[in-house]
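Residues per chain, in single letters:
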Amino acid sequence: MADDAQIHLLINGQTQSAASGATFDRLDPITGQVATRAAAASPEDARAAIAAAAAAFPAWSETGPNARRALLAKAADRLEGLAGEFVAAMRDEIGATEGWARFNVMLAAGMIREAAAMTTQISGEVIPSDKPGCIAMAVRQAAGVVVGIAPWNAPVILGVRAIATPLACGNTVVLKASEICPRTHCLIARAFQEAGLPAGVVNAVTNAPADAAAVVEAMVAHPAVKRVNFTGSTKVGKIIARLGAEHMKPVLLELGGKAPLLVLEDADLDEAVKAAAFGAFMNQGQICMSTERIVVVEAVADAFVEKFAAKARTLVAGDPRAGKTPLGAVVDRAAAQKVQRLIDDAVAKGARQVAGGAADGVLMSAVVLDGVTAAMEIYAEESFGPSVSIIRVKDEAEAITVANDTEYGLSAAVFTRDIARGLKVARQIQSGICHVNGPTVHDEAQMPFGGVKASGWGRFGGKAGINEFTDLRWITLETQPGHFPI
């Protein structure tokens, strides 16, 4: 194991071991060898990180917007400078391809630069008051310490997203790294540290899987923590929501998805095939926005399936170290086994597997199931792997009904040559995001990103992100003597 695979906590500008000296190992999903050995933080370590962030908050929140912008711009540059290390870390920890890792770095650097641009967009307003001589203002100001809990699947993008806008708004942060990619997430903290942000402004904590619940509870409960954001499964998101409610903490949640892509009878099938393949199989389908369901109007279903299956057969999986295949590994054997279980259940109940085969360990090529129905487990359950279900419907109305027949509501897409029709359909789909003639996988730093239903609440990105990570206060200024009834 290389020296750079030994990961420490970052607290108050210093790298350090866990107070107990405990560590945990993350194994390479392909080789089974140790990919990373990281400090196993306890709740006490987490509280120390929060205390450091709280101590740094007064000075950072009063730092001018252009000074914050300059430091964030340096962090973006430094993140890009660490691209090679991110590629290695993501390959070793999660089996990611080099292309996916470099895309993560590129988009994450853009997110930091967008956050930097927002430092001067934290605005308020003067509101007319009925009281003579009273100047009433709505003012936004930094909330305090923000805890960001990021997942492993798009680790640089989502790790950066958890902290960049909070920092731009004048908050200090603690990034709780995923137990699955601690080295990758700690590289993010390193980029901010090396950019020159003051000690305590950015802190990072790694913990063993067995300690996750205690560490998270300690963070959410800490009085200095004023905001929590979490990206991950709906199951864990509900736990964090309950903790937030118990401790009266606003929680931003971006959770699971079961994104539908609708192909109407007037769609450009070639464009729909390209978008569906990208949306379903990029990063082995391990994206919250991944296309899990393709809802096709029967009139064009045979033609679409023929084209799509042919495309999917070219999307084979292989060892990301070789760099010769479009797909890499899924995150672990349990993930591959779950996807295979869902496929086997669907086929046993009448679905046709028109592309793909059985998994080889953590390597699974693109799988396409045609004729999926509500009787099959994969119809409702998020697969989070390289499989996609084709559901045939008679018309637009049924397509919308099927699209909404899910507990989730993150992303969706609809393909039609009639733009007005596409917009009308998009408005009827119950999702936080919907794209007309585009893939379900689409993210830009300036956009309001988030879901509805079991996909969470709140929005990352742009001015919506400012609203999430600041307090809106009403402040008045009296300019003349007051008159009171008593």
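Heads up: the structure comes first, above all this text.
Let me begin by describing the structure that accompanies this report. (Residues numbered from 1 in each chain as written. Predicted model: local features only at pLDDT ≥ 70, side-chain atom pairs only at ≥ 80, totals over all residues. Heavy atoms only, no water.)

Let's talk about the overall build of the chain
When helices and strands are counted, the chain shows 16 helices and 21 strands. In terms of C-alpha radius of gyration, the chain reaches 24 Å, essentially the compact-globule figure of 23 Å for 486 residues. Overall, the C-alpha framework of the chain stretches about 75 × 60 × 40 Å when taken along its three principal axes. The proportion of buried residues among the 486 residues of the chain is 56%. Of the contacts made within the chain by residues no fewer than 6 positions apart, 75% connect residues no fewer than 24 positions apart. Charged side chains of the chain number 45 positive and 51 negative; the gap between the two group centres comes to 2 Å. (Helix = DSSP H or I, 4+ residues; strand = E, 2+ residues; numbered from the N terminus. Rg over C-alpha atoms; globule rule 2.2 N^0.38 Å. Buried < 20%, exposed > 50% of the residue type's maximum accessible area, 1.4 Å probe, protein only. Contact = heavy atoms within 4.5 Å. Lys, Arg positive; Asp, Glu negative; His and termini not counted. Charge placed at Lys NZ, Arg CZ, Asp CG, Glu CD.)

Considerations on the layout of surface pockets
Looking at the largest pocket, its volume works out to about 1,000 Å³. Along its surface, the largest pocket is lined by 40 residues, and W152, F230, G232, S233 and V236 are the ones closest to its centre. Of all the secondary structure elements, the ones that give two or more residues to the lining of the largest pocket are helix 8 (212-221), strand 11 (225-231), helix 9 (234-246) and helix 12 (333-348). For the lining of the largest pocket, the element with the most residues is helix 9, which contributes five residues. Taken together, the residues of the lining of the largest pocket break down into 23 nonpolar, nine polar and eight charged. Q6, I7, T15, C186 and R190 are, among the 14 residues lining the second largest pocket, the residues nearest its centre. (1 Å grid on protein atoms, 1.4 Å probe; cavity = no way out; pocket = protein on both sides within 12 Å on 5 of 7 lines; lining within 4 Å. Points joined across faces, edges and corners; volume = space filled by probe spheres on them. Nonpolar A, V, L, I, M, F, W, Y, C, P; charged D, E, K, R; others polar.)

Focus: the packing of helix 2 (residues 65-81) against helix 4 (residues 98-117)
Running from N to C, helix 2 and helix 4 point in directions that differ by 175°, and their axes come no closer than 8 Å. The angle between helix 2 and helix 4 falls in the class roughly antiparallel. Listed contacts from helix 4 to R69, L72, A73, A75, A76, D77, L79 and E80 of helix 2 are V105, A108, A109, I112, R113, A115, A116 and A117. Looking at side-chain class alone, the contact of helix 2 with helix 4 contains 12 nonpolar, no polar and four charged residues. (Axes fitted to C-alpha atoms, helices over the stretch in contact; angles between N-to-C directions. Parallel < 35°, antiparallel > 145°, perpendicular 65-115°, else oblique.)

So, the sheet that holds strand 6 (residues 125-127)
Taken in spatial order, the three strands of this open sheet run 6-7-21, and their pairing is antiparallel. Each edge of the open sheet carries a strand with a single partner, namely strand 6 and strand 21 (470-478). Geometrically, the sheet is characterised by an average inter-axis angle of 30° between neighbouring strands, direction not taken into account. By the bridge criterion, nine bridges tie strand 7 (residues 134-142) to strand 21 in an arrangement that is antiparallel. Bridging from a neighbouring strand, R140 pairs with L472 of strand 21. (Pairing = 2+ DSSP bridges.)

A few points about the sheet that holds strand 17 (residues 387-393)
Taken in spatial order, the seven strands make up an open sheet running 15-16-17-14-13-18-19, and their pairing is mixed. Either end of the sheet is taken by a strand with one partner, and the two such strands are strand 15 (352-355) and strand 19 (435-436). Pairing of strand 16 (residues 367-370) with strand 17, which is carried by four bridges, proceeds in the parallel orientation. Looking at strand 17, one finds that D370 is bridged to I390. The strands touched by helix 14 (residues 396-403) within the sheet are strand 13 (259-263), strand 14 (291-297) and strand 17, with strand 14 carrying the most contacts at an inclination of about 165°.

As for empty space enclosed by the protein
All told, the structure shown has two cavities of 30 Å³ or more when counted by the stated rule. The calculated volume of the largest cavity comes to roughly 170 Å³. As for the largest cavity, its lining consists of 17 residues, of which M111, R161, T165, A445 and G461 are closest to the centre. Contributing elements (two or more residues each) for the lining of the largest cavity: helix 4, helix 5 (155-161) and helix 6 (164-168). Counting residues per element, the lining of the largest cavity draws most heavily on helix 4, at three residues. Tallied by class, residues from the lining of the largest cavity come to 10 nonpolar, three polar and four charged.

Here we look at the environment of I239
Inspection of the secondary structure assignment puts I239 in helix 9. Judged by relative accessible area, which is 38%, I239 ranks as partly exposed.

Some remarks on the pairing of strand 16
Of the two faces of strand 16, the one holding V367 and L369 and the one holding V368 and D370 are both buried throughout. The pairing of strand 15 with strand 16 spans three bridges and is antiparallel. Bridge assignment links A355 to a residue of strand 16, and that residue is V368.

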